[in-house]
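# Structure assessment
Now for the letters of each chain:
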Amino acid sequence: MSSAATRTTGQEPLWSVDDHLEDILTTVRPLEPIELQLLDAQGCVLLEDVTVPVSLPPFDNSSMDGYAVRVADVAGASEEFPAVLTVVGDVAAGQADQPYVGPGQAARIMTGAPLPPGAEAVVPVEWTDGGLGEGPVSRMRAHSASPEGAHGQVQVHRPAEARAHVRAKGSDVKAGDRALEAGTILGPPQIGLLAAIGRGTVRVRPRPRVVVLSTGSELVQPDEALGTGQIYDSNSFALCAAARDAGAIAYRVGAVADDAETLRSTIEDQLVRADLLVTTGGVSVGAYDVVKEALSSVGDEDEEGGGVDFRTLAMQPGKPQGFGSIGPDHTPLLALPGNPVSSYVSFELFVRPAIRALMGLPDVHRPTTRAKLSADKALTSPKGRRQFLRGTYTDGTVTPVGGAGSHLVAALAHADALIVVPESDTSLEPGAEVEVVLLG
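## Some words on unusual backbone geometry
Pro 57 follows Leu 56 through a cis peptide bond whose omega is -15°. A cis amide bond, omega -5°, links Gln 316 with the succeeding residue Pro 317. One can find Pro 317 in the loop between β20 (315–316) and β21 (320–326). Of note, the phi angle at Arg 163 is positive, near 70°, even though the residue is not glycine. Looking at where Arg 163 falls in the secondary structure, it is placed in the loop between β10 (152–156) and β11 (166–167). Even without a glycine there, the phi angle at His 165 is positive, about 60°. Structurally, His 165 can be placed in the loop between β10 and β11.

## Notes on helix α7 (residues 340–358)
Along α7, the helix axis deviates most sharply at Phe 347, where the bend reaches about 45°. Most of α7 is tucked away, with 19 of its 19 residues classed as buried. In the stretch just after α7, Gly 360 is the one whose phi turns positive, near 85°.

## A word on the pattern of salt bridges
The final tally for this structure, using the stated rule, is 14 salt bridges. Note that Glu 433 is salt-bridged to Arg 370, the shortest N-O span being 3.4 Å. Within this pair, whereas Glu 433 is found in strand β29 (residues 433–438), its partner Arg 370 is found in strand β23 (residues 368–373), the two being separated by 63 residues in sequence. Residue Glu 433 is classed as exposed on the basis of its relative accessible area of 55%. Residue class for Arg 370 comes out partly exposed when judged on its relative accessible area of 46%. Between Arg 386 and Glu 423 there is a salt bridge, and its shortest N-O distance comes to 3.0 Å. Taken as a pair, Arg 386 in strand β25 (residues 386–394) and Glu 423 in the loop between β27 (417–421) and β28 (427–428) lie far apart in primary sequence, 37 residues in all. In this structure Arg 386 comes out as buried when scored by relative accessible area, which is 16%.

## Here we look at the sheet that holds strand β9 (residues 121–124)
One open sheet holds the five strands; their spatial order is β9-β6-β8-β7-β10, and the pairing between them is mixed. Each edge of the sheet is formed by a strand with only one pairing partner; in this case those strands are β9 and β10. Recorded for the sheet is a direction-independent mean angle of 45° between the axes of neighbouring strands. Bridging between strand β7 (residues 83–91) and strand β8 (residues 105–109) involves four bridges; their strand directions are parallel. For Asp 90, the partnering residue across the bridge sits in β8 and is Arg 108.

## Let's talk about the side chain of Thr 279
Turning to its location among the elements, Thr 279 is positioned in strand β18 (residues 276–280). Leave out the neighbours within four places in its chain, and Thr 279 touches Leu 213, Ile 267, Val 291, Leu 333, Leu 334, Ala 335 and Leu 336.

## A look at the packing of aromatic side chains
Overall, the coordinates contain zero aromatic pairs when judged by the stated rule. Sitting above the plane of the Trp 127 ring, Arg 158 keeps its charged end 4.1 Å from the centroid. The residue whose ring lies beneath Arg 311 is Trp 15, and the NZ or CZ to ring-centre distance is 3.9 Å.

## A short note on the side chain of Arg 108
Inspection of the secondary structure puts Arg 108 in strand β8. Looking at Arg 108, its side chain comes within polar contact range of the side chain of Asp 90, at 2.8 Å.

## A few points about the packing of helix α4 (residues 235–245) against α7
Describing two packed helices takes the angle between their axes plus the distance from one axis to the other. Running from N to C, α4 and α7 cross one another at 25°; their axes reach a closest spacing of 10 Å. If you check the angle between α4 and α7, you find them roughly parallel. For the element pair α4 and α7, the recorded crossing hand is right-handed. Residues Asn 235, Leu 239, Ala 242, Ala 243 and Asp 245 of α4 touch α7, and the partners they reach there are Pro 340, Ser 343, Tyr 344, Phe 347, Arg 352 and Ile 355. For the contact of α4 with α7, a count of residues per class yields seven nonpolar, two polar and two charged.

## Examining the confidence of the model for the protein chain
When pLDDT is averaged along the protein chain, the result is 89, and 90% of the positions lie at 70 or above. Predicted confidence is poor over residues 1–10, with pLDDT under 50, and the contacts of this stretch with residues over four places away or in other chains come to 28 contacts. Note that residues 299–303 has pLDDT below 50 and, in this model, 10 contacts with residues that lie over four places away or in other chains.

## Things to note about the pairing of strand β22 (residues 331–336)
Taken residue by residue, a regular strand's side chains alternate between the two faces of the sheet. Among the six residues in β22, six count as buried, and that is most of the element. Where burial is concerned, the two faces of β22 agree: the one with Thr 331, Leu 333 and Ala 335 and the one with Pro 332, Leu 334 and Leu 336 are both buried. Pairing between β21 and β22: five bridges, direction antiparallel. The residue bridging Gly 324 from the neighbouring strand is Leu 333, located in β22. Linking β21 to β22, which pair antiparallel, is a turn of four residues; within it Gly 327 sits at a positive phi near 80°.

Procedures and definitions
Residues numbered from 1 in each chain as written. Predicted model: local features only at pLDDT ≥ 70, side-chain atom pairs only at ≥ 80, totals over all residues. Heavy atoms only, no water. Helix = DSSP H or I, 4+ residues; strand = E, 2+ residues; numbered from the N terminus. Bend = angle between axes of the 7 residues up to and from the residue. Buried < 20%, exposed > 50% of the residue type's maximum accessible area, 1.4 Å probe, protein only. Salt bridge = Lys/Arg side-chain N within 4 Å of Asp/Glu carboxyl O. Pairing = 2+ DSSP bridges. Axes fitted to C-alpha atoms, helices over the stretch in contact; angles between N-to-C directions. Contact = heavy atoms within 4.5 Å. Phe/Tyr/Trp six-rings, centres within 6.5 Å; stacked < 30°, edge-to-face > 60°. Lys NZ or Arg CZ within 6 Å of the ring centre and 35° of its normal. Polar contact = N/O pair within 3.5 Å; in protein donor to acceptor, adjacent residues only side chain to side chain. Parallel < 35°, antiparallel > 145°, perpendicular 65-115°, else oblique. Left-handed = near helix turned anticlockwise from the far one by under 90°. Nonpolar A, V, L, I, M, F, W, Y, C, P; charged D, E, K, R; others polar. pLDDT = per-residue confidence, 0-100.

Okay, structure coming up:
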């Protein structure tokens, strides 16, 4: 951690948002790469470029159900004067042997089936009589119900140009092309592409395992009855969901009471399944803010790089923060304040970038933009503090949602952006251009 960090004893310096984040990102290292089966690699970051070993499609094939024909044989065909061709067989998808299509001949062909030798184009079945000797048909008869349809004659009512309705070999990607770049997050389309080119496993950085726990004797599990002075534990749910949204595998631990020994034991038990630990609550200066007390003896602080620093940041909300590493593997831990808005804003500013850094992504930050402030009155902000206000962003304009209170979780639910008020500004007038962090 940064040499500027101090323990909680004595007068602490005031950390800037940027310095605190830099300390986190210089400490957190990407997880070690592993080889995973495709479905297990979903959401992971690709570690190396993937080259296409075989072209897609690997052969010329039909994009329609119809008949494979020679162009000259259907030139000038019409409903009044159809081209009459001899059907020499079927070509189905996956079929190894195809009939040869000679002059005056056609082969019944299914979508995805290889274009048979001799054929130059495919005419859709709707352009034919389907071998029934009548007018145009709407679909092809199933081979199982009408095997004789693979022979006899077919009338073609329209001409076809060369390569009509033929998907050319390599028209998607060619052998030797780069299919995916290192750094790609593997979603369903990327996993589909890897499977299509024959890759069963892939080398990736795994999704970080993030353990989220909230502290406070007043916290009650949702669906349980509230007692006097109690509130529902929302932070652990919000932050667990936010960790998953960031790309992590997140585990939520039930709220821990304000007892240092219980909290210490819980954290030590969670280290076995954590690449990152996130606590919320208990980092302020109250008599029952026990996170500082508990973390002061978790792991071995005498080991190089061990221990947790508790800091005062020049920001609102989220002034009290903690960061460090604990346990034998120096697992990173971020201790966030307990007020719902403070904890969520802190997650977006500090925890989400840490998760993305563990994934090995080059860009760990939410996108930002400049927007015009739409408000009924000037926004005020404490001098020397960087304030983050909730807002809604639409077409270059941002509107505040709710007030500045760090307990206003209902307003947070309707926000899709954070309005940034710099440390140097104590007031922003309506119409001012402001920086906006986009959360959606």
